[in-house]
Amino acid sequence: MDYIDTWGLYQCFQGTDDEMVASDCREEFFALQPNGKVFQCISSHEGMITLKYGEKVFQVNAKLYKRVKGPHYKVGDKVEIIEKSLIGQIVDVNWHFKDDAPFYLVEVDRKKSGKRYRDCDLKEVE
């Protein structure tokens, strides 16, 4: 199956699914707390896929990858929080399972917001 240029979830648990993540990136991957995060698949080779989250990349077994609708924004994107007219940067892209849609955490002035934002709450800043 071709996963390149798709977006998806990688639900796995440290101590149970360790062998599903390449050993050279395992510690960093689990430190990210990957469950619920939306990853971009950027390459595939012999049953392994490379997932990107912001600037970080991870090699994982394709078996646990589940495609989802791609988010409108990615980690690192500059956005305006419409209701507050504040400019910030996307620091987390997570999946809302009930709504079947992504939600975002935004950092403004080096402070991470505790509020979850949806696509309609944000506007791209160039």
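The structure contained in this document is the topic of the report that follows. As the structure is a prediction and not an experimental result, all values here were calculated from the model.

Further remarks concern the overall build of the chain. For the chain, the count of helices and strands is 1 helix and 10 strands. Reading the helices (α) and strands (β) of the chain from amino to carboxyl end gives β-α-β-β-β-β-β-β-β-β-β. In terms of its C-alpha atoms, the chain occupies a principal-axis envelope of roughly 45 × 30 × 25 Å. The proportion of buried residues among the 126 residues of the chain is 44%. Considering only contacts in the chain between residues 6 or more positions apart, those separated by 24 or more positions represent 49%. With an accessible surface of roughly 7,700 Å², the chain has 45% of that area assigned to carbon and sulfur atoms. Averaging the coordinates of the 19 positive side-chain charges in the chain and doing the same for the 22 negative ones gives two points 5 Å apart.

A few words now on the packing of aromatic side chains. Under the defined criterion, the tally for this structure stands at 8 aromatic pairs. A centroid spacing of 5.0 Å and a plane angle of 80 degrees characterise the contact between Tyr3 and Tyr65, whose relative ring orientation is edge-to-face. One end of the pair, Tyr3, is in the segment before strand 1 (7–10); the other, Tyr65, is in strand 5 (residues 65–68), with 62 residues separating them in the sequence. Tyr3 gets classed as buried once you look at its relative accessible area, which sits at 12%. Judged by its relative accessible area of 6%, Tyr65 falls in the buried class. For the ring pair Phe39 and Tyr53, a centre distance of 5.5 Å and an interplane angle of 55 degrees mean the geometry is tilted. Remark: Tyr53 occurs in strand 3 (residues 48–53) and Phe39 occurs in strand 2 (residues 39–45); sequence separation between them is 14 residues.

Alternating positions in strand 1 separate into two faces, Trp7 and Leu9 on one and Gly8 and Tyr10 on the other, with burial throughout. Examined bridge by bridge, strand 1 and strand 2 share 2 bridges and lie antiparallel to one another. In the strand pairing of strand 2, Trp7 is matched with Gln40. Judged from the 4 bridges that link them, strand 1 and strand 5 form a sheet pairing that is antiparallel. Counterpart to Tyr10 in the pairing with strand 5 is Tyr65.

Our focus in this paragraph is the sheet that holds strand 9 (residues 111–112). Strand order in the open sheet formed by 5 strands is 9-8-7-6-10, with antiparallel pairing between adjacent strands. Two strands close off the open sheet at either side, each with one partner strand: strand 9 and strand 10 (122–124). Pairing analysis gives 2 bridges linking strand 8 (residues 101–108) to strand 9, with the strands arranged antiparallel. Among the inter-strand pairings, Val108 is bridged to a residue of strand 9, identified as Lys111.

The rules behind these values
- Residues numbered from 1 in each chain as written.
- Predicted model: local features only at pLDDT ≥ 70, side-chain atom pairs only at ≥ 80, totals over all residues.
- Heavy atoms only, no water.
- Helix = DSSP H or I, 4+ residues; strand = E, 2+ residues; numbered from the N terminus.
- Buried < 20%, exposed > 50% of the residue type's maximum accessible area, 1.4 Å probe, protein only.
- Contact = heavy atoms within 4.5 Å.
- Areas by Shrake-Rupley, 256 points an atom, 1.4 Å probe, with all protein chains shown as cover.
- Lys, Arg positive; Asp, Glu negative; His and termini not counted.
- Charge placed at Lys NZ, Arg CZ, Asp CG, Glu CD.
- Phe/Tyr/Trp six-rings, centres within 6.5 Å; stacked < 30°, edge-to-face > 60°.
- Pairing = 2+ DSSP bridges.

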